Amino acid sequence: MAGIIESSLAHQNFSRYDIRVIIKFSVILGKDASCIHKDLVTVLRENAPSIQTVRKWVKAVSEGRDDMEDEPRPGRPVTACGDANISKVLVSLSDDRRKTCEEISTETSMSRTSVFRVLTNKLNKKKKFSKWVPHLLTEEQKESRVNFSRNFLRRFQTEQNDFLGRIITGDETWVYSWDPETKRQSAEWRDFDEPRPEKVRRKQGALKVMHMIFFDMNGVILRRPVPIGTTINAQYYKKVLQDKVRPAIRKKRPGLLESGILFHHDNAPVHTARAVTDVLAGYKWELLEHPRYSPDLAPCYFHLFPKMKEHLRGQRFETEEDIIQAAKVAIKNLDKCSYVTAFKDWLQRIEKCANNGGCYVE
């Protein structure tokens, strides 16, 4: 019978208060701490309190303590993260989302720790640093980016790779006599206890050469350094299209002239000038639209130029000719697959832009 009772009691839930009452009753019966602990283990098994806990309460009862409840603990109450304080933090954040925990603490009379817990545990907030963007887009400009992206995707779905294969894209960029390495490029393998390497922040070199580059999925069609002192205006750009780009296409991609060229560049004033659009129309090259303030949707800016300059960073060039030759070698050393990757990335970026409401794509 005792075994049945013990088995039955073992499956009941005893609160800490219940156990303390049992200890108090056992002390009154004259039992010592070891005997009481043994009884508790017999009944409660793995749920029994430790011998140290039993001794603590035996001593407390022996010294005359009657109340078996926990004594009030010092410190802030559990309500520090309650609804009232959550509301205080929300009101404080509504004025300025850049406030620090210390500032919110001062304003709400809450501890800094409580403010942090409310922000992270209750409100699921995380302080995020701003990211640099080319331009603060208006809603109209975002809508323009979405429309461009949807039209581009709609056409790709209809024509597939034939669409991408007919696109020639191009733009201009400066190549400097000195361009410092990026932080990633200067990373070193070091022991865990070694300090981080240090670099002096330097500006780009004063000597620079403008390069015009046009390419498609198969590689570079034209790379042209612009003579120092030359201003790239509509007339100069028009002349490059007539005397350099078109002959280069005829030589390197003769099939494109027959299948129909889709020409893409950004909407810089030089590119959108009447003299330039008339030349493109005369060649019957279809001009692909490009939304304003959208370098993230231009393959030159998010792919080709960074790839080219990655090979040049950290090198110092003394003359214009050195810069021109280095850029030529950097372009030549790019993997052939890099150009296909650029167009695939372009397609993915456009899809993201169409789905994120026209915001910038990283």
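Note that the structure is predicted; figures quoted are calculated from it, not measured. (Residues numbered from 1 in each chain as written. Predicted model: local features only at pLDDT ≥ 70, side-chain atom pairs only at ≥ 80, totals over all residues. Heavy atoms only, no water.)

Concerning the pairing of strand β1 (residues 167-176)
Moving on, step 1. For β1, the tally of buried residues reaches nine of 10 residues, placing the bulk of the element in the interior.
Moving on, step 2. Pairing analysis gives three bridges linking β1 to strand β4 (residues 262-264), with the strands arranged parallel. Within β4, the position partnered with I168 by the bridge is F263.
Moving on, step 3. In terms of strand pairing, β1 meets strand β2 (residues 208-216) through eight bridges, oriented antiparallel. Across the sheet, residue E172 finds its bridge partner in β2, namely M212. (Buried < 20%, exposed > 50% of the residue type's maximum accessible area, 1.4 Å probe, protein only. Helix = DSSP H or I, 4+ residues; strand = E, 2+ residues; numbered from the N terminus. Pairing = 2+ DSSP bridges.)

Details of the sheet that holds strand β3 (residues 219-225)
Moving on, step 1. Spatial strand order, β3-β2-β1-β4-β5: five strands in an open sheet with mixed pairing. At either end of the open sheet lies a strand with only one pairing partner, and these are β3 and β5 (286-287).
Moving on, step 2. Its contacts with the sheet put helix α14 (residues 299-310) on β1, β2 and β4, and the angle it makes with β1 is roughly 45 degrees. (Contact = heavy atoms within 4.5 Å. Axes fitted to C-alpha atoms, helices over the stretch in contact; angles between N-to-C directions.)

A short note on the state of the cysteines
Moving on, step 1. Under the defined criterion, the tally for this structure stands at zero disulfides.
Moving on, step 2. Left unpaired, C300 is separated from the closest cysteine sulfur, that of C353, by 18 Å.
Moving on, step 3. In this structure C300 comes out as buried when scored by relative accessible area, which is 1%. (Disulfide = S-S within 2.5 Å.)

Focus: the confidence of the model for the protein
Moving on, step 1. Confidence in the prediction for the protein averages 88 pLDDT; 93% of positions are at 70 or higher.
Moving on, step 2. Ignoring residues within four places in sequence, the model shows residues 1-11, a span with pLDDT below 50, making eight contacts including any to other chains. (pLDDT = per-residue confidence, 0-100.)

Here we look at the UniProt feature "domain: Mos1 transposase HTH" (unreviewed entry) in the protein
Moving on, step 1. In the numbering used here, UniProt assigns the "domain: Mos1 transposase HTH" (unreviewed entry) feature to residues 17-58.
Moving on, step 2. Between the end C-alpha atoms of residues 17-58 there is a gap of 14 Å, over a span that is 76% helix and 0% strand. (UniProt positions renumbered as here; feature names shortened; annotations may be inferred.)

Comments concerning the side chain of E172
Moving on, step 1. Of note, E172 is situated in strand β1.
Moving on, step 2. Buried charged residue E172 carries no salt bridge. Nearest counter-charge: R224, at 11 Å.
Moving on, step 3. In this structure the side chain of E172 is engaged in a polar contact, spanning 2.9 Å, whose partner is the side chain of H271.
Moving on, step 4. Residue contacts for E172: discarding those within four places in its chain leaves M210, H211, M212, I232, Y237, H271, Y301 and F305. (Lys, Arg positive; Asp, Glu negative; His and termini not counted. Salt bridge = Lys/Arg side-chain N within 4 Å of Asp/Glu carboxyl O. Polar contact = N/O pair within 3.5 Å; in protein donor to acceptor, adjacent residues only side chain to side chain.)

Focus on the packing of aromatic side chains
Moving on, step 1. The final tally for this structure, using the stated rule, is 11 aromatic pairs.
Moving on, step 2. Ring plane angle 70 degrees and centroid distance 5.0 Å describe the contact between F152 and F163, whose orientation is recorded as edge-to-face. Here the residue F152 occupies a position in helix α8 (residues 139-159), and F163 occupies one in helix α9 (residues 161-165), the gap between them amounting to 11 residues.
Moving on, step 3. By relative accessible area, F152 is classed as buried at 4%.
Moving on, step 4. Judged by relative accessible area, F163 falls into the buried class, the value being 1%.
Moving on, step 5. Consider the rings of Y301 and F305, whose centres lie 5.6 Å apart with planes at 80 degrees: the pair is edge-to-face. Here F305 and Y301 lie together in helix α14, a separation of four residues that amounts to about one turn.
Moving on, step 6. Taking the relative accessible area as the measure of exposure, Y301 reaches 35% and is therefore partly exposed.
Moving on, step 7. A network of ring pairs unites the aromatic residues F148, F152, F163, F215, Y339, F343 and W346 as a single cluster.
Moving on, step 8. Its guanidinium or amino end placed over the ring of Y283, R246 lies 4.4 Å from that ring's centre, counting from NZ or CZ.
Moving on, step 9. Of note, R349 hangs over the ring of F302, and the distance from its end group to the ring centre comes to 4.3 Å. (Phe/Tyr/Trp six-rings, centres within 6.5 Å; stacked < 30°, edge-to-face > 60°. Lys NZ or Arg CZ within 6 Å of the ring centre and 35° of its normal.)

Observations regarding the packing of helix α2 (residues 16-28) against helix α4 (residues 51-62)
Moving on, step 1. Contact pair α2 / α4: the axes reach a minimum separation of 9 Å and the direction vectors enclose 55 degrees. Put simply, α2 runs oblique to α4. Every pair of crossing elements has a handedness; the one defined by α2 and α4 is right-handed. Contact residues: α2 offers R20, I23, K24 and V27, while α4 offers V54, W57, V58, V61 and S62.
Moving on, step 2. Within the contact of α2 with α4, the residues separate by chemical class into six nonpolar, one polar and two charged. (Parallel < 35°, antiparallel > 145°, perpendicular 65-115°, else oblique. Left-handed = near helix turned anticlockwise from the far one by under 90°. Nonpolar A, V, L, I, M, F, W, Y, C, P; charged D, E, K, R; others polar.)

Digging into the pairing of β2
Moving on, step 1. Here β2 lies mainly inside the structure; eight of its nine residues are buried.
Moving on, step 2. Hairpin connection from β2 to β3: two residues lie between these consecutive antiparallel strands.

Some words on helix α10 (residues 234-252)
Moving on, step 1. The end-to-end C-alpha distance of α10 is 25 Å, a good match for the 27 Å that 19 residues give at a rise of 1.5 Å each.
Moving on, step 2. Along α10, the helix axis deviates most sharply at L241, where the bend reaches about 35 degrees.
Moving on, step 3. The complete set of buried residues in α10 reads A234, Y236, Y237, V240, L241, V245, A248 and I249. (Expected span 1.5 Å × (residues − 1). Bend = angle between axes of the 7 residues up to and from the residue.)

Structural notes on the nonpolar core
Moving on, step 1. F152, L164 and I167 are the most contacted members of the largest nonpolar core, which totals 39 residues.
Moving on, step 2. Of all the secondary-structure elements, those providing two or more residues to this core are α8, α9, β1, β2, α14, α15 (320-332) and α16 (337-355).
Moving on, step 3. Tallying contributions element by element places α16 first for this core, with eight residues.
Moving on, step 4. Setting aside residues no more than four positions away along its own chain, F152 makes contact with F163, L164, I167, W346, L347 and I350. (Core = buried A, V, L, I, M, F, W, Y, C linked by side-chain atoms within 4.5 Å.)

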